[in-house]
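What follows is the residue order along each chain.
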Amino acid sequence: MAAPRVPRIVIEHCAVATVDAHDTEYASGHVVIAGHRIESAGAGPAPAGLENVVRRVDGTGHLLTPGLVNTHHHFYQWITRGLATDHNLFDWLVALYPVWARIDEPMLRAAARGSLAMMARGGVTTAMDHHYVYPRGAGDLTGAIVESAAETGVRFTLARGSMDRGQSDGGLPPDFAVESLDGALAATEEAVDRYHDSSSDAMTQIAVAPCSPFSVSTELLTLGAELARRKGVRLHTHGSETVEEERFCEERFGMGPTDYFESTGWLGDDVWMAHCVHMNDADIAAFARTGTGVAHCPSSNARLAAGIARVPDMLAAGIPVGLGVDGTASNESGELHTELRNALLVNRLGAHREAALTARQALRLGTYGGARVLGRADQIGSIEAGKLADLVLWRMDTLAHSSIADPVSALVLGAAAPVTLSLVNGRTVVEDNHLTTVDEDAVARSARSEARRLARIAGHD
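Calculation criteria
- Residues numbered from 1 in each chain as written.
- Predicted model: local features only at pLDDT ≥ 70, side-chain atom pairs only at ≥ 80, totals over all residues.
- Heavy atoms only, no water.
- Phe/Tyr/Trp six-rings, centres within 6.5 Å; stacked < 30°, edge-to-face > 60°.
- Helix = DSSP H or I, 4+ residues; strand = E, 2+ residues; numbered from the N terminus.
- Buried < 20%, exposed > 50% of the residue type's maximum accessible area, 1.4 Å probe, protein only.
- Pairing = 2+ DSSP bridges.
- Right-handed = clockwise from strand over helix to strand, strands pointing away.
- Core = buried A, V, L, I, M, F, W, Y, C linked by side-chain atoms within 4.5 Å.
- Contact = heavy atoms within 4.5 Å.
- Salt bridge = Lys/Arg side-chain N within 4 Å of Asp/Glu carboxyl O.
- Patch = residues over 30% accessible without salt bridge, like charges linked within 9 Å, V, L, I, M, F, W, Y side chains within 5 Å.
- Areas by Shrake-Rupley, 256 points an atom, 1.4 Å probe, with all protein chains shown as cover.
- Lys, Arg positive; Asp, Glu negative; His and termini not counted.
- Charge placed at Lys NZ, Arg CZ, Asp CG, Glu CD.

Draft legend 1. Seen up close, the packing of aromatic side chains. Inspection of the entire model under this criterion finds 10 aromatic pairs. The interplanar angle of 25 degrees and the centroid separation of 5.9 Å between the aromatic rings of Phe75 and Phe156 together place this pair among those described as stacked. On the criterion of sequence distance, the pair formed by Phe75 in the loop between β6 (68-69) and α1 (89-100) and Phe156 in strand β8 (residues 155-162) is long-range, its members being 81 residues apart. As far as burial versus exposure is concerned, Phe75 and Phe156 are alike and both buried. Taking the centre distance of 3.8 Å and the plane angle of 5 degrees together, the rings of Phe253 and Tyr260 count as stacked.

Here's what the structure looks like:
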């Protein structure tokens, strides 16, 4: 029996930034996709005589990169954008938890679709959501998120979050919006069993993700880490985001956040943490020694006045670092490609100044760095033969970019570049700057309607 013919897609005549180990680039190059994997990449046009080419894309005036990888987000916040715009983190949480505590399944489905659509349209091919608000009687929130990601067509990691420390126990969220210890652990294990795919080309994976030191008990952290390792999945939480968090850990546990996390089993090469703004030299050394990863969220850190993370020092120490949108109640744009620019600019305001990050390091954070953080660097994050065909073709010949000499600098430092083509697993998700998988206008209408309903219920209309 003859072997099945594998369909091929050819993209050629474009600049190519592979983000491989050598930062290989082609001023004019090609990529050949066979099925859902990259078959080859190189300089010049694609080889002649390729069989079963079902599509040939002329990339003249474009830059081809790996798809962007988002390592931290809160989809539900899409329907609470523009609130508490002048607050620090703790005050912002106090203002918004009573609103978030009233979210239900239709609201979350609309919010997830909006968050996913905005990211995908902007070049994200691997999305991530850290969802930890599970009000009683709200419906199947986990299912709503996973189904929305599948509908949008992106690769996806759901960090199944949890909180068991409500206001009566010194936490910030209302008591009816938190779970019991046993309930949180059982629901998290159910999510892993129901949705996690451990295969190399998985579209959906689950991580164990208690929310933060100030909203969960020590028992939930400790038992959550044990659950994740028993199930063979990754671990995620917020860490060292603000000076207030550092003070909380010192007063409550007698140690700083990093030492507290280590005492509960939360450092390791299967762990990544969001923010990590307030890290001293010993903290950075501990992350480097254990291989713990970081989701850097520069826009949210600035929006909430949290500070500037020491990303150059983390990279120099060998810590895996990726980029995160964070929730759209603290980063209203909801797009990851803006984080490439903000990561570079914000870090140049720090101690390293102009030597902090280059444009290519910023692109690496948003692609290969994110893949490392999610434990998927063998499959995504760079353009190399054998890797999954998650690619973005950015248009660089419009008014916004046409006079910027270097295409990578144009992508990182210039205005948001239009996405001519975005592929996930070789499947088209974006064509000519529009989603092909969902109706953007319908997504917007649904999110607007659910945002209004939530505002009425929460008394913010």
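Draft legend 2. Structural view of the pairing of strand β12 (residues 293-296). Every second residue of β12 is oriented toward a common face, with Gly293 and Ala295 on one face and Val294 and His296 on the other, all of them buried. Summarising the sheet, strand β11 (residues 271-275) and β12 pair through 3 bridges and their orientation is parallel. Looking at the pairing, Trp272 lines up with Gly293 of β12. Between the parallel elements β11 and β12, the chain passes through helix α8 (residues 281-290) in a crossover that is right-handed. Judged from the 3 bridges that link them, β12 and strand β13 (residues 321-323) form a sheet pairing that is parallel. Within β13, the residue paired with Val294 across the bridge is Val321.

Draft legend 3. Region of the structure containing the nonpolar core. Core analysis: the largest hydrophobic core is formed by 114 residues, its most contacted members being Trp92 and Trp100. The element that contributes the greatest number of residues to this core is helix α2 (residues 105-121), accounting for 9 residues. Residue contacts for Trp92: discarding those within four places in its chain leaves Gln77, Leu83, Ala84, His87, Trp100, Arg303, Leu304, Ala329 and Ser330. Membership of the second largest hydrophobic core comes to 15 residues, among which are Cys14, Ile383, Ala389 and Leu391.

Draft legend 4. Inspection of the pattern of salt bridges at higher detail. Counted by the stated rule, this structure contains 26 salt bridges. Measuring nitrogen to oxygen at the nearest pair gives 2.6 Å for the salt bridge that ties Glu25 to Arg360. Taken together, the residues Glu25 in strand β2 (residues 25-34) and Arg360 in helix α12 (residues 359-373) connect sequence positions 335 residues apart. Exposure remark for Glu25: the relative accessible area of 33% places this residue in the partly exposed category. We classify Arg360 as partly exposed; its relative accessible area is 28%. Counted as one network, the salt bridges with shared partners bring together Glu189, Asp193, Arg230 and Lys231.

Draft legend 5. Highlighting a negative patch on the surface. The grouping of Glu246, Glu250, Glu251 and Asp259 at the surface amounts to a negative patch. Among the elements that take part in the negative patch, helix α6 (residues 243-253) stands out by supplying 3 residues, more than any other. Here Glu251 shows up in helix α6.

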